[in-house]
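One-letter residues, chain by chain:
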Amino acid sequence: FADDAMLTQNMMDAAKAGGVKHIINIGSWTVHEPTALSLLADRFVQPEDYLQTLGVGWTSLRSGYFNPNLAMAFGSLRSSDEIRFP
């Protein structure tokens, strides 16, 4: 995850340099809880902030929890009666 923010910003720069007028950013709802969920949010906060200053139109789609990730949580049902989320 360490380079995700930088790589995303590099893609945004390349898109602008290539003449793209509107960027759709696939982000995360974790940008609303950057301190509580910093491990995930760090990947998304900086690029979204950067995008707002880039001078192109933009839309940020902030996904929730993906179904494939939910399947991993089912393993916890084997040891308890709970599924926990961040």
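Keep in mind that this is a model prediction, so the values were computed, not measured.

1. Comments concerning the packing of helix α1 (residues 4-17) against helix α3 (residues 45-53)
Across the interface, α1 lies against α3 with an axial gap of 8 Å and an inter-helix angle of 25 degrees. By the criterion of interaxial angle, the relationship of α1 to α3 is roughly parallel. In the crossing of α1 with α3, the sense of the turn from one axis to the other is right-handed. Of the residues in α3, those in contact with A5, T8, Q9, M12 and D13 of α1 are Q46, P47, Y50 and L51. When its residues are assigned to classes, the contact of α1 with α3 shows five nonpolar, three polar and one charged.

2. Some thoughts on the pattern of salt bridges
This structure, assessed with the given rule, holds two salt bridges. With its nearest N and O atoms 2.6 Å apart, the salt bridge here joins R43 to D4. Taken as a pair, R43 in the loop between α2 (38-41) and α3 and D4 in helix α1 lie far apart in primary sequence, 39 residues in all. We note a salt bridge from R62 to E48, for which the minimum N-O separation is 2.2 Å. Within this pair, whereas R62 is found in strand β2 (residues 57-63), its partner E48 is found in helix α3, the two being separated by 14 residues in sequence.

Criteria and thresholds
- Residues numbered from 1 in each chain as written.
- Predicted model: local features only at pLDDT ≥ 70, side-chain atom pairs only at ≥ 80, totals over all residues.
- Heavy atoms only, no water.
- Axes fitted to C-alpha atoms, helices over the stretch in contact; angles between N-to-C directions.
- Helix = DSSP H or I, 4+ residues; strand = E, 2+ residues; numbered from the N terminus.
- Parallel < 35°, antiparallel > 145°, perpendicular 65-115°, else oblique.
- Left-handed = near helix turned anticlockwise from the far one by under 90°.
- Contact = heavy atoms within 4.5 Å.
- Nonpolar A, V, L, I, M, F, W, Y, C, P; charged D, E, K, R; others polar.
- Salt bridge = Lys/Arg side-chain N within 4 Å of Asp/Glu carboxyl O.

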